[in-house]
Structures are given as structure tokens and as C-alpha cells.
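# Close look at the chain arrangement
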Amino acid sequence: MAEACVDLPRLQGLAPHVAPDTRLLVLGSFPGVASLKAQQYYGHPRNQLWRLLSDVFALPLVDADYAARLQLLRQHRIGLWDVITETQRQGSLDSQIREPRASDLHALLAGMPALRMIAFNGGTAARLGLIQLGEAAQRYKIFQLPSSSPAYTLAYAGKLAAWQQMVPDFFSASNQ
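Residues numbered from 1 in each chain as written. Predicted model: local features only at pLDDT ≥ 70, side-chain atom pairs only at ≥ 80, totals over all residues. Heavy atoms only, no water.

### A few points about the pairing of strand 6 (residues 117-121)
Across the five residues of strand 6, five count as buried, placing the element largely inside the fold. Of the two faces of strand 6, both are covered, the one formed by M117, A119 and N121 as well as the one formed by I118 and F120. Judged from the four bridges that link them, strand 2 (residues 24-28) and strand 6 form a sheet pairing that is parallel. In the strand pairing of strand 6, L27 is matched with F120. Two elements, strand 6 and strand 7 (residues 141-145), share five bridges in a ladder whose sense is parallel. Across the sheet, residue I118 finds its bridge partner in strand 7, namely I142. Handedness of the β-α-β unit built from strand 6, helix 5 (residues 123-133) and strand 7 comes out right-handed. (Buried < 20%, exposed > 50% of the residue type's maximum accessible area, 1.4 Å probe, protein only. Helix = DSSP H or I, 4+ residues; strand = E, 2+ residues; numbered from the N terminus. Pairing = 2+ DSSP bridges. Right-handed = clockwise from strand over helix to strand, strands pointing away.)

### What about the pattern of salt bridges?
Pairing between side chains of opposite charge can happen when their charged atoms approach one another. In total, this model carries three salt bridges according to the counting rule given. As a salt-bridge pair, D21 and R77 come within 3.5 Å of each other at their nearest N and O atoms. Residue D21 is found in the loop between strand 1 (11-12) and strand 2, and its partner R77 is found in the loop between helix 3 (66-75) and strand 3 (78-82); the two are separated by 56 residues along the sequence. Close ionic contact of E86 with R101 constitutes a salt bridge, the shortest N to O distance being 3.1 Å. Highlighted residues: E86 in strand 4 (residues 84-88) and R101 in strand 5 (residues 98-102), separated in sequence by 15 residues. Judged by relative accessible area, E86 falls into the buried class, the value being 17%. It is possible to trace a salt-bridge network through shared partners that takes in R10, E86 and R101. (Salt bridge = Lys/Arg side-chain N within 4 Å of Asp/Glu carboxyl O.)

### Considerations on the packing of aromatic side chains
Inspection of the entire model under this criterion finds five aromatic pairs. Between the aromatic rings of W50 and Y66, the centroid separation amounts to 6.3 Å while the plane-to-plane angle is 90°, which identifies the pairing as edge-to-face. With W50 in helix 2 (residues 49-57) and Y66 in helix 3, the pair connects residues that are 16 residues apart, well separated along the chain. Relative to F171, the ring of F57 has its centre 6.4 Å away and its plane inclined at 65°; by these criteria the two rings are edge-to-face. With F57 in helix 2 and F171 in helix 7 (residues 167-174), this residue pair connects regions lying 114 residues apart in the sequence. The class for F57 is buried, based on a relative accessible area of 8%. Sitting over the face of the ring of Y156, R51 holds its NZ or CZ atom 3.5 Å from the ring centroid. (Phe/Tyr/Trp six-rings, centres within 6.5 Å; stacked < 30°, edge-to-face > 60°. Lys NZ or Arg CZ within 6 Å of the ring centre and 35° of its normal.)

Everything listed here is a matter of geometry and, on its own, says nothing about what the molecule does.
In C-alpha cells form, the structure reads like this:
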């Protein structure tokens, strides 16, 4: 992350979408411009998060409206948040993040006793999130996944194959 840019405003991220019975927490880096404008996780129409989760967990997320998407995630014990809660950034690229303020992952996780898995959506999320979690990461099954962002140019089939690695652990954790 580069130095602060005094002419950029501080951007505030989105509130966590979790519940005490969340089993899987998907952590991104920080919402992009389209997501912040819509006040919706993964609000850019080309972001593949909703398609990936739909295909991985056989959920009808792609054609659902945002409220229904969140409801389906909650029903299936999947939560969303970001490792950065506030930052300066021009545009949507992680490489443009300046002066990030880390999310309080420890406080969030303390309120989710059923959590078993953490999936980092992209390299920046994984790098920062693992630093923030420190030794606490050992309590969870960790997945470092390719970003669902349209800026990450890995073909969808490659992203899907990586994201599907969560399936066995997710369903075994759901039965506990």
C-alpha cells in the first residue's frame, strides 16, 4: 500500500453481514466504487462472487435481488465482510488502497462461535487478513481464493475450481 493522498476522501466500507451461526466467512479486501455507490457487497455487475457462490453451493444467487442474496447466504450460514474497514483509494483496484484501517476481525469472530472456515477473496484480502488474525487463524480452515473481481483475469473455470475446494469442508462443518 502506498502513502496517503491528501486530496482523496476517506472511504467507509460496508457493515459485516454475519450471524452467530455463520460457519463460513468470506472476506474481501475493500468494496469497489460500484459496491460503495450501491451500498452492496460485490455490486459491480461483472464481479463473479455471486456466480461463484451460486455454482459452488448450488444457490440461486445470480438472479436474486440483493436482499434475497443476503437472506440465502444467512440461511446457509455464509457471512461477508472485508479486511479493510476504511481507506483512501481512487478507483477500485487494491493496488490503489492508501492508509487502510484494518477491520476488527477478532471482535467479529468472537461473536461467531459456530465459525469454522474463512475464505479470503483475493490475494490482498488473504495477505492483510492473515496478518490481522495472527495465531487466531489456526482455529479455522483457511482458504486463499482467487479474486472474484473482474480485474483479476483468471478464467472463470479456474476461479470456480479453486472456490470448489471449500465444498467438502463446508458440508462437513455444516453437519457439526
